[in-house]
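# Report on the structure
For reference, the chains in residue letters:
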Amino acid sequence: MIYNPEKYSIPDERMVSFIDPDEIWHALNNANTDKSRVRDIIQASLNKKRLSLQETADLLMTTDPELIEEILEGARQLKEKVYGERIVLFAPLYVGDLCTNNCLYCGFRASNKEIKRVTLDFGELEKETLALIDQGHKRLILVYGEHPKYSAQFIHDTVKVVYATKHQNGEIRRVNINAAPFDIEGFRVIKDAGIGTYQIFQETYHQPTYAKVHTRGMKSDYHWRLTALDRAQEAGIDDVGIGALFGLYDWRFEALGLVRHVNHLEAVYHVGPHTISFPRVQNAMNLDIDKNYLVKDDEFVRLVAILRLAVPYTGMILTAREPAEIRDKVLRFGVSQIDGGTNIELGGYSKGKTAVAASQDLSKEQFQINDTRSLNEIMNELIDKGYIPSFCTACYRLDRTGEHFMEFTVPGFIKRFCSPNALLTLAEYLEDYAPMQTKEQGYILIEQKVNELSGSQNTVSLVEKLQQIKEGKRDLYF
Ligand code: SAM
Ligand code: SF4
């Protein structure tokens, strides 16, 4: 059974939600956007103080261009201070698009009869995984529609298939999940497969809008979804990802919904979400939403910067939904993970296709994507701009969970662990998958970064490990 309504039906009057719309509106309507106030808030964040709901609302309501520039600059400094130049890379792998829900923004919704419905069998899944391994990927997120066929056991089994797939020096070392909410037993079954992050987006924290855009199926139950990651935590999955789909309702309201969700998880489970996602609605087959809430580019950039300042030790994910120019811009303000070489057609990777927006067939895909660069093109650009592309999975494999928290709070953590590990995984990529020019540029970057790290703990050992990678050893980390 994928779900049992009796297990969670709580009479409405007893349903106390951690999202209180009055509190959110009160914070927005009473925002103080005086220069000195906004500057104090930015400074507090730079001093590693987590922002309150009201402080976040004050930043969200700021419209003075000079102060907006200061917010962006604050986020840039914070990102540099906390995360350094690392950008973690991953790829989405769509496993199945059957769906019993009817989300009006999604191409996979049940009422879209034109959509080609495909569920990869295990052989096809292995082929897709091989194609991604051969690009150089080490981290995937598996994506599923919501359907009785995609039971917890099915998800468990698909994760196992991905982990068991190897080719030459390549393997997938971390499998994250984006799928429907389960009950606690279901989450336990999935946890047993050894997943990384379980990601569920609330889509909108505004209940009336939620009801409007989720017209049928399990997903129409706002609270079942809102409490999903609590059940995941109860099942022992302490690595969870939250998100909102921007463009369904007022972006400032959604941003505060995300902050409240972080607060809730921190308060109850003493660990916040590992990641926050903030996808913007893209075109999809029969997209049927109120276009008044679409988020403009300049608002989106502000949103990313303000989230960075508000929740400094949460990873921030930006996907190929956004075009390259926007991705490049917001990378500076706080994004820590991006996808590369993305193809969201079911079975698309093994067909050898790189997605090209113009030729995307929306009867086969969930929505339009706008960054069609290959993984290696993205690697080149990151290296060119001085970022360290990373495929690191060390913390997860050493059970160092909550690593963003440690990066932020443990002095020297980034220098000692994150930067060396990022360089080691970059070297693996350069040895196994990169064309000659990328390899040359990549090693120049590695040398420069090793010099910058010199004198810090682990540098000697880092140089030795880099040499071992050149000699054929793999999977070395601190
Ligand atoms: N079916 C599961 C669910 O709904 O939670 C898995 C996730 S769905 C395949 C992945 C995410 O894509 C959704 O949570 C939603 O936020 C996002 N999405 C759906 N339609 C979209 C669109 N038109 N543009 C951008 N993102 C979209
Ligand atoms: Fe189904 Fe998820 Fe699409 Fe909604 S967003 S229709 S649940 S695949």
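Please refer to the structure higher up on the page.
Source: prediction; values computed, not measured. Note on numbering: residues in each chain are counted from 1, in written sequence order. Chains and ligands are labelled sequentially in the order written, the chains with letters from A and the ligands with numbers from 1. Reporting of local features is limited, given that this is a predicted model, to residues whose pLDDT is at least 70; pairs of side-chain atoms are given and counted only at 80 or more, and all residues count toward the totals for whole chains, interfaces and linings. The basis for every side-chain value is the complete set of non-hydrogen atoms in the structure, without hydrogens or water.

### A closer look at the overall build of the protein chain
Only DSSP runs of H or I reaching four residues or more are called helices, and only runs of E reaching two or more are called strands; each is numbered from the N terminus. A count of helices and strands for the protein chain gives 19 helices and 11 strands. In terms of overall size, the protein chain behaves like a compact globule, its C-alpha atoms giving a radius of gyration of 22 Å where 478 residues would be expected to give roughly 23 Å. Seen through its C-alpha atoms, the protein chain measures out along the principal axes to roughly 65 × 60 × 40 Å. Here, residues are in contact when the closest pair of their heavy atoms is within 4.5 Å. Within the protein chain, contacts between residues separated by at least 24 positions form 74% of all contacts whose residues are at least 6 apart in sequence. Working definition of accessibility: Shrake-Rupley area with a 1.4 Å probe, residue cover restricted to the visible protein chains. When the accessible surface of the protein chain is split by element, carbon and sulfur atoms take 49% of a total near 18,700 Å². Charge convention: Lys and Arg are scored as positive, Asp and Glu as negative, and His as well as the terminal groups of each chain are ignored. The atoms used to mark charge sites are NZ of Lys, CZ of Arg, CG of Asp and CD of Glu. Across the protein chain, the centroid of the 57 positively charged side chains sits 2 Å from that of the 67 negatively charged ones. Note that the radius of gyration is over C-alpha atoms, with the globule rule given as 2.2 Å times the number of residues to the power 0.38.

### Some points on the site of ligand 1
One heavy atom suffices: a residue is near a molecule or strand as soon as one of its heavy atoms comes within 4 Å of it. Surveying the vicinity of ligand 1 reveals 19 residues, the closest of which are Tyr105, Glu203, Lys219, Arg225 and Gln282. For the purposes of these results, a polar contact is taken to be a pair of N or O atoms within 3.5 Å, where, inside protein, one atom must be able to donate a hydrogen and its partner to accept one; residues adjacent in sequence count only when each atom of the pair is a side-chain atom. A distance of 3.0 Å is found between a nitrogen atom of ligand 1 and a backbone nitrogen or oxygen belonging to Tyr144. Separating a nitrogen atom of ligand 1 from a backbone N or O atom of Gln282 is a distance of 2.9 Å. A total of 560 Å² of accessible area belongs to ligand 1 in isolation, and the protein chains cover 97% of it. Put simply, Ala, Val, Leu, Ile, Met, Phe, Trp, Tyr, Cys and Pro go in the nonpolar bin, Asp, Glu, Lys and Arg in the charged bin, and everything else, Gly too, in the polar bin. Taken together, the residues that form the shell around ligand 1 break down as 10 nonpolar, 4 polar and 5 charged.

### A few points about the packing of helix H1 (residues 21-29) against helix H11 (residues 251-269)
Axis definition: a line fitted to C-alpha atoms, limited for helices to the stretch in contact. Angles are taken between N-to-C directions and run from 0 to 180 degrees. Two numbers describe how H1 lies on H11: the axes approach to 10 Å, and their chain directions differ by 120°. Put simply, H1 runs oblique to H11. In terms of crossing hand, the pair formed by H1 and H11 is right-handed. Facing H1, whose interface residues are Pro21, Glu23, Ile24, Trp25, Ala27 and Leu28, H11 presents Arg252, Phe253, Leu256, Gly257 and Arg260. Here the residues of the contact of H1 with H11 sort into 7 nonpolar, 1 polar and 3 charged. The cut-offs work like this: below 35 degrees is roughly parallel, past 145 is roughly antiparallel, 65 to 115 is roughly perpendicular, and the gaps in between are oblique. By convention the crossing between two helices is left-handed if the near helix lies anticlockwise of the far one by an angle smaller than a right angle, and right-handed if it lies clockwise.

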